[in-house]
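Now for the letters of each chain:
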Amino acid sequence: MKKLIVAIIVGCVVGLALFSRNIHPVSIKPNSSASSVASSPTATPTTSTPAQTYKDGTYTGQSADAYYGNVQVQVVISGGKITDVRFLDYPHDAGTSRMINGQAMPLLKQEVITAQSGNVNGVSGASATSQAFYNSLQSALSQAV
Amino acid sequence: MLKSRKIMGMACTVRIEEPTVHPQIFDNVFNYWRRVDRIFSTYKPNSEISRINRGELSVADASKEVQNILRMARETRLLTRGYFNVVHQGKIDPSGLVKGWAITGGANILRHAGYRNFLVEIAGDLEVSGGGPDGSGWKIGLRHPFELDKYVKIVKLKKNGVATSGAYLQGDHIYNPVANKVPSGVASITVIGPSAYDADRFATAIYAAGKKGLKLLPGGANLEGYLIDSNGVATYTAGFEKYVV
């Protein structure tokens with residue numbers, strides 16, 4: 001019973017964290033390729049692209065398959081620039097139990113993830129999540145030119 | 001000194017933080033990766049792997065490098081209780097093993113040349129040595145799976161490999177060979193180990209195994225994992241904390 005209550009509390013916290021998520025504006029230039037945007041800070045392929053501005057408005061990208069769910073973003077253009085990118089959909093499976101078998105895995109711990117920034121020398125990450133994000137973003141931006 | 005190239009369709013970086021660096025060393029590593037790509041690419045029709053998959057080359061007649069990788073793949077499959085398998089629908093796809101192996105191979109080229117303070121990266125998987133730019137260790141951000149300009153953790157590493165597997169859009173790159181289905185429920189899994197080779201093969205296997213895959217990490221092997229499920233809840237090995245900044 002205690003475990004169930006903990007699970008419900010964790011679920012609420014996670015739910016709140018996810019549903020209040022609002023990604024910060026990202027620096028994406030018109031015409032910039034997905035690969036140059038998605039690359040890590042240590043690798044900086046530079047492409048010189050002519051200046052281009054987007055038409056103001058709110059554009060919704062296609063839902064892109066992130067394999068374990070869908071990613072769909074909405075982009076807000078103001079003054080010709082991207083001012084906000086919102087997640088309309090992201091992979092989640094709220095029905096799945098978050099409890100793990102404590103007996104079988106005594107050395108494991110759990111926490112709700114948080115987002116942080118800071119100076120780093122390198123970044124480790126899977127490329128596919130970002131690929132789905134940029135696919136949806138690119139399709140939203142293609143409506144704004 | 002840092003140089004990046006796009007090889008195997010991926011961003012490849014070599015960074016050496018030492019007072020004297022011979023520029024040729026970068027090309028030695030990049031050329032080694034180009035050779036790896038020529039042998040193992042499943043996208044190149046003339047690679048040995050492609051020729052084996054078309055039945056034009058038998059494994060027995062393949063190069064020493066291919067035999068070596070297939071031997072490591074068998075060993076890894078046993079170590080991970082079948083969750084790592086390079087054979088998928090009758091075709092060999094060693095990419096889940098070759099990437100980490102190539103990073104460690106690149107790092108070994110630097111070591112043999114006498115370098116001790118460096119970072120080697122191929123598309124989000126890395127191996128580091130030494131104290132980094134400020135001497136205290138290489139600070140590596142683990143990418144947040146939902147907020148891609150943020151990190152979930154920053155870790156400090158001195159002699160480690162780190163690899164992250166996540167939701168691969170390419171579909172069949174990682175699948176669960178035990179249940180014969182695609183994995184679900186894991187947004188990303190990062191493994192920190194003694195080398196990129198070890199980190200990558202265990203990250204691949206854990207991702208294929210799903211949420212409970214951390215059980216596959218063998219104790220006492222200096223392998224730690226941080227798994228994020230699709231609800232944003234992380235499960236991690238207790239030993240992972242020692243790396244967190």
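**A few points about the environment of Gly124 of chain B**
Phase 1 of the analysis: As for its position among the elements, Gly124 of chain B is in the loop between strand 5 (118-122) and strand 6 (125-129).
Phase 2 of the analysis: Taking the C-alpha atoms as reference points, Gly124 of chain B and Met10 of chain B, 114 residues apart in sequence, are found 9.3 Å from one another.

**Examining the packing of helix 4 (residues 95-112) of chain B against helix 5 (residues 196-209) of chain B**
All names here are of chain B.
Phase 1 of the analysis: Contact geometry for helix 4 and helix 5: axes closest at 7 Å, N-to-C directions at 165°. Considering their axes alone, helix 4 and helix 5 lie roughly antiparallel with respect to each other. The two elements helix 4 and helix 5 cross, and the hand of that crossing is right-handed. Residues Gly96, Leu97, Lys99, Gly100, Trp101, Ile103 and Thr104 of helix 4 form the contact with helix 5, whose participating residues are Ala196, Tyr197, Ala199, Asp200, Arg201 and Thr204.

**A closer look at the nonpolar core**
Phase 1 of the analysis: Grouped together as the largest cluster of nonpolar side chains are 73 residues, with contacts concentrated most on Val191, Ile206 and Leu227 of chain B.
Phase 2 of the analysis: Per element, the largest residue contribution to this core is 10 residues, and it comes from helix 5 of chain B.

**Focus: the pairing of strand 7 (residues 138-143) of chain B**
Phase 1 of the analysis: Within strand 7 of chain B, 6 of the 6 residues are buried, leaving the element largely enclosed by the surrounding structure.
Phase 2 of the analysis: Along strand 7 of chain B, one buried face is formed by Trp138, Ile140 and Leu142 of chain B and the opposite face, lined by Lys139, Gly141 and Arg143 of chain B, is buried too.
Phase 3 of the analysis: Bridge count between strand 6 (residues 122-124) of chain A and strand 7 of chain B: 3 bridges; the pairing is parallel. Note on strand 7 of chain B: the bridge partner recorded for Gly122 of chain A is Ile140 of chain B.
Phase 4 of the analysis: One ladder, built from 6 bridges, connects strand 7 of chain B with strand 8 (residues 151-157) of chain B; its direction is antiparallel. Opposite Leu142 of chain B, over in strand 8 of chain B, you have Lys153 of chain B as the bridge partner.

About the criteria used
Residues numbered from 1 in each chain as written. Chains lettered and ligands numbered in written order. Predicted model: local features only at pLDDT ≥ 70, side-chain atom pairs only at ≥ 80, totals over all residues. Helix = DSSP H or I, 4+ residues; strand = E, 2+ residues; numbered from the N terminus. Axes fitted to C-alpha atoms, helices over the stretch in contact; angles between N-to-C directions. Parallel < 35°, antiparallel > 145°, perpendicular 65-115°, else oblique. Left-handed = near helix turned anticlockwise from the far one by under 90°. Contact = placed C-beta atoms within 7 Å. Core = buried A, V, L, I, M, F, W, Y, C linked by C-beta atoms within 7 Å. Buried ≥ 20, exposed ≤ 12 C-beta atoms within 10 Å, placed from the backbone. Pairing = 2+ DSSP bridges.

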